[in-house]
Amino acid sequence: MERPVTLTINGKSHTVQVEPRALLAHVLRDTLNLTGTHVGCDTSQCGACTVLIDGQAVKSCTVLAVQAAGSAITTIEGLAKGDTLHPLQMAFWEKHGLQCGFCTPGMILTAMDFLAHHPDPTDDEIRQAIEGNLCRCTGYQNIVAAIKAAAATLRAGHAGAAA
Amino acid sequence: MATLFGSGIKRREDPRLITGKATYVDDVKLPGLTYAVFARSPYAHARITRVDVSAARGAPGVIAVYTGQDVKDKLNPVPCAWNVPGCDLKVPAHPLLAWEKVRYAGDAVAMIVAETRAQARDALDLVDVDYEPLGATADPEKATQPGAAQLHADVPGNIAFTWVVNGGDAAAAFDTAEVAVSERIVQQRLLPTAMEPRAAVAQYNSGSGQLTLWATSQNPHIHRFLCSVMLQLPEHRIRVIAPEVGGGFGSKIPAYPDEALVSFASMQLGVPVKWTEDRSENYKVTIHGRDHIEYVEMCGTKDGRITGLRTKVYAGLGAYASTAAPGIPTILHGLVYSGSYMIPNIHGTIHGVYTNGTPVDAYRGAGRPEAAYLIERLVDIYARKIGMDPIEVRRKNFIPKDQFPYTVATGLIYDSGNYEGALDKALGILDLKAFRAEQARARKDGRYLGLGLVSYIEICGLGPSQVAGAVGFGGGLYDSAIVRVYPTGVVRVYIGASPHGQGEETTFAQIVAQEFGYPVESVEIIHGDTDNTPQGWGTYGSRTTAVCGSAVKNAALKVKEKAKLLAAHLLEVSEADLEWKDDAFRVKGSPDKAKGMAELALMANVAWNMPPGMEPGMEATAFFDPTNFVYPFGTHICTVDVDVHTGQVKILRYIAVDDCGPPINPMIVDGQIHGGVIQGIGEGLQEIAVYDDEAQLVTGTMMDYAVPKASQMPFIEVAHTITPSPVNPLGVKGCGEAGTIASAACLVNAVCDALAPFGITHIDKPLTPARVWAAIQKAKGAQA
């Protein structure tokens, strides 16, 4: 039977009726119309459904919606501030870090969590960090370049804020 | 103003994609939407003796259940659209829902439509089917042997066709050859794995009699036609929309039962119906690629002149002939056997074979990677046999750059090329001498480094429609564009092709903006909706820019021609007195007297002062049908370090030099190369669709099928040479498949070079540690 669950998504609280078995990925997409979160597999390999739960990158197909109750969830729709893109979004655009775009939201959110803890990563570290996110179009090369560029932008931003 | 053609500007499609605002098929929601799922056979080959869907029909939320018996007299089978002539092709019926027999694990037997996705899935467990299992095999060679299970009553020996390519006299060449080498090569089945699984949403309006189908399609116009055939609904009553499509790699070209069945359900039930594949279903039922078992031979002189190439190929088609399947291992494979070389004598016998596997169709490169792989492997094996550097063998046999257009033994006419130029550029990046020295040093230390090199050609820009007709392709291969300039001067371009990640919303806008002297933002490319785009033949075969891009250019030129006449009229000068400079038609000698496109568009659209006889409006349609294919080429080099104790292959460097003519957007071209190379490295190193002895797919999820991960893949050093094609007004060739065509062979060549001290000349891909290690052990045993 469906039950109410309250989720805080991109800073806004939503109370929705969900089946206990409903996955967070499906509730985001089907119930809340946040279709930027994609589903690319059924075994938690592809990472297209990655969102942030309390700042941590999580494959939303591995989480029941009821488990996420009370958590703060960030989806791709919540990254830009008005017309201002997040540095990761900007870097993916500038470095051609996407082609079909299906893996991109998950890729960006995984990178966001990673950069929060590794502000100045090497290419190898980036490649390790995104190995749970599959992309079939780009060969990863420009994704790595994008994440590296975003890291530099974010570092410069923090340095600017500190000055 | 800056030159847009040739500029690596940011992609215009990206803002919606990086903010989660793009609409893929599964994102489409409609009032009253219902959900379909399919009951699929767990057996690879079985007779259906009973189907009981009564419990499923009574399950909560279920609206309808259809079985094969319910639809077999109402819907036509899935058509095969490439009727390759002269090979006795047999295409047995592919029912949308199986009702007599299932022929592969995944063949659908029933469709359930319910109010929610979950209810549909729950009801699936209640479908009760009795099967009488039959023998099964997914091996295309074994399927032809006596005693093999027969899939189709009217296809003896499971042989769908036997196609022969013949140029020169291969038998005589081999009989008299100084040297001949041979190999049995397995080109494994691959799973295309577009990141977005397939999906379809069908909405039938019984009032207007119109069906709208949102589909994950690389070619909505082809899907409109094929759905018309399956549904027996006139083509003009069907609108196919391919919205955002999350990759295809060939797997979203064919017609499948699923989209026709949801359309049928919507027509029957009067409600919109959605079906979305899950990944396990995708691996089971969406087409696979490759699946060749090949017996290949090359002959030549002792000093490195190749004189002949001969093959016998068993090409697995899977259980049914998918849309383009017969053309892949024949026209797109056998005709390309000359590669970059002057090979005077070529003979190939290709058996297309039905097996109890998922249908096989076009997967990135489609036939051409299989050809490049066997040619480039054979060149290395031959070079080893005669003790000559494989690079020198290539050089010696290249078609020289001054010989184009060049007719190869199989009859193709290569448009333009400079194969040695690409080779030299790649070798320059590598520093061959330094690598060979390092390799020699390493061998003394018991480390095995190797160098693989491939000089490939590709046949793409498909292609002249007349040729399409001659080789049995069930459609044209031209493409189309409408350039429409609005009264305010902004432009929309409606194209027949249907990009899905390749970036033509940007590159095509660059073409038009360049012609009109516009900022690129003033041009918008519209694609993917059959109701507002002209007839096109889709995005595949590295054809979109060469063919549809040329239509865009020609349509823009037509508009400009009209604009010039109007400018002359408004400026009261003769046409001959005008020249196009920067962003306007200007009077020669008085450049301030000028009319730009925006002003001319306004004047044409309001039509207050037109020259006598000129129609109002500022738009043009162009259909472009090329006179020949285009033949991109290049040289790739890969260096590897093989751990002979574990069989692990480490890629040290990967250098790709590709020539696809003048790049419109170099950033996008490089991105295509990156992706293609990694797909080919995946094929070379780790990807394989495995079937067991009962034709069950063992690698049926992403846990088992090794899609390349970022951490496993190398950095790719990309460079280009530029040799324009004479067959289209842009001079462009194609770059979508190039990387994949070269890289699998390049990797295997590198590993075989590394293991030359063990006497190893060939290991079948994918070169997993287990396979490499086993090959080393076997070679050591033979040497001992």
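Calculation rules
- Residues numbered from 1 in each chain as written.
- Chains lettered and ligands numbered in written order.
- Predicted model: local features only at pLDDT ≥ 70, side-chain atom pairs only at ≥ 80, totals over all residues.
- Core = buried A, V, L, I, M, F, W, Y, C linked by C-beta atoms within 7 Å.
- Buried ≥ 20, exposed ≤ 12 C-beta atoms within 10 Å, placed from the backbone.
- Helix = DSSP H or I, 4+ residues; strand = E, 2+ residues; numbered from the N terminus.
- Contact = placed C-beta atoms within 7 Å.
- Expected span 1.5 Å × (residues − 1).
- Nonpolar A, V, L, I, M, F, W, Y, C, P; charged D, E, K, R; others polar.
- Pairing = 2+ DSSP bridges.
- Axes fitted to C-alpha atoms, helices over the stretch in contact; angles between N-to-C directions.
- Domains from an automatic or database assignment.

## A short note on the nonpolar core
Residues and elements named next belong to chain B. By size, the foremost hydrophobic cluster in this structure holds 317 residues, and its most contacted members are I112, V493, V512 and V751. Here the element with the most residues in this core is helix 18 (residues 738-754); it accounts for 12 residues. With sequence-adjacent residues up to four places away left out, I112 is seen in contact with A36, V37, A56, V62, V65, A120, A123 and L124.

## Things to note about helix 7 (residues 257-269) of chain B
All names here are of chain B. The terminal C-alpha atoms of helix 7 lie 18 Å apart, and with 13 residues this matches the ideal 18 Å at 1.5 Å per residue to within 8%. With 10 of 13 residues buried, helix 7 lies mostly within the body of the structure. Within helix 7, the full set of buried residues consists of P257, D258, E259, A260, L261, V262, S263, F264, A265 and S266. Of the residues one or two after helix 7, G270 is the one with positive phi, at around 75°.

## Describing the interface of chain B and chain A
Taken together, the contacts link 45 residues of chain B with 42 residues of chain A. Contributions of two or more residues to the side of chain B that touches chain A are made by helix 1 (14-18), helix 8 (279-285) and helix 17 (666-685) of chain B. Here the side of chain B that touches chain A takes 7 residues from helix 17 of chain B, the largest share from any one element. By residue class, the composition of the side of chain B that touches chain A is 21 nonpolar, 14 polar and 10 charged.

## Description of the sheet that holds strand 11 (residues 238-241) of chain B
Residue and element names in this part refer to chain B. Taken together, 7 strands build an open sheet; the order of strands is 3-5-1-12-9-10-11 and the sheet is mixed. The sheet is open, and its two borders are formed by strand 3 (62-67) and strand 11, each paired with just one other strand. The average angle at which neighbouring strand axes cross in this sheet is 20°, direction not considered. With respect to the sheet, helix 6 (residues 220-231) is in contact with strand 10 (210-215) and strand 11, its orientation differing from that of strand 11 by roughly 140°.

## Regarding the pairing of strand 22 (residues 578-581) of chain B
Across a regular strand the side chains alternate sides, sitting on one face of the sheet and then on the other. As paired strands, strand 22 of chain B and strand 23 (residues 584-587) of chain B are joined by 4 bridges and run antiparallel to one another. Across the sheet, residue L578 of chain B finds its bridge partner in strand 23 of chain B, namely V587 of chain B.

## Observations regarding the environment of E2 of chain A
All names here are of chain A. By secondary structure assignment, the location of E2 is in the segment before strand 1 (3-9). Taking the number of C-beta atoms within 10 Å as the measure of exposure, E2 has 10 and is therefore exposed. Residues E2 and G70, spaced 68 residues apart in sequence, show a C-alpha to C-alpha distance of 18 Å. Discounting residues that sit within four places of it in the chain, E2 has contacts with Q17, V18 and E19.

## Here we look at the domain arrangement of chain A
All names here are of chain A. For chain A, the assigned domains read domain 1 (3-78) and domain 2 (87-162). When each unit is reduced to the centre of its C-alpha atoms, the spacing between domain 1 and domain 2 is 21 Å. In this assembly, 16 residues from domain 1 lie in contact with 13 residues from domain 2. Taken together, the elements giving at least two residues each to the side of domain 1 that touches domain 2 come down to strand 3 (50-53) and strand 4 (56-59). Counting residues per element, the side of domain 1 that touches domain 2 draws most heavily on strand 3, at 3 residues. Its residues assigned to classes, the side of domain 1 that touches domain 2 shows 7 nonpolar, 9 polar and no charged.

## Some points on the domain arrangement of chain B
Residues and elements named next belong to chain B. As far as domains go, chain B holds domain 1 (14-134 + 196-246 + 252-285), domain 2 (289-462 + 628-783) and domain 3 (478-624). Placing a centre on the C-alpha atoms of domain 1 and another on those of domain 2 gives a separation of 36 Å. Considering each element in turn, the side of domain 1 that touches domain 2 owes the most residues, 5 residues, to helix 8. Its residues placed into classes, the side of domain 1 that touches domain 2 shows 17 nonpolar, 4 polar and 4 charged.

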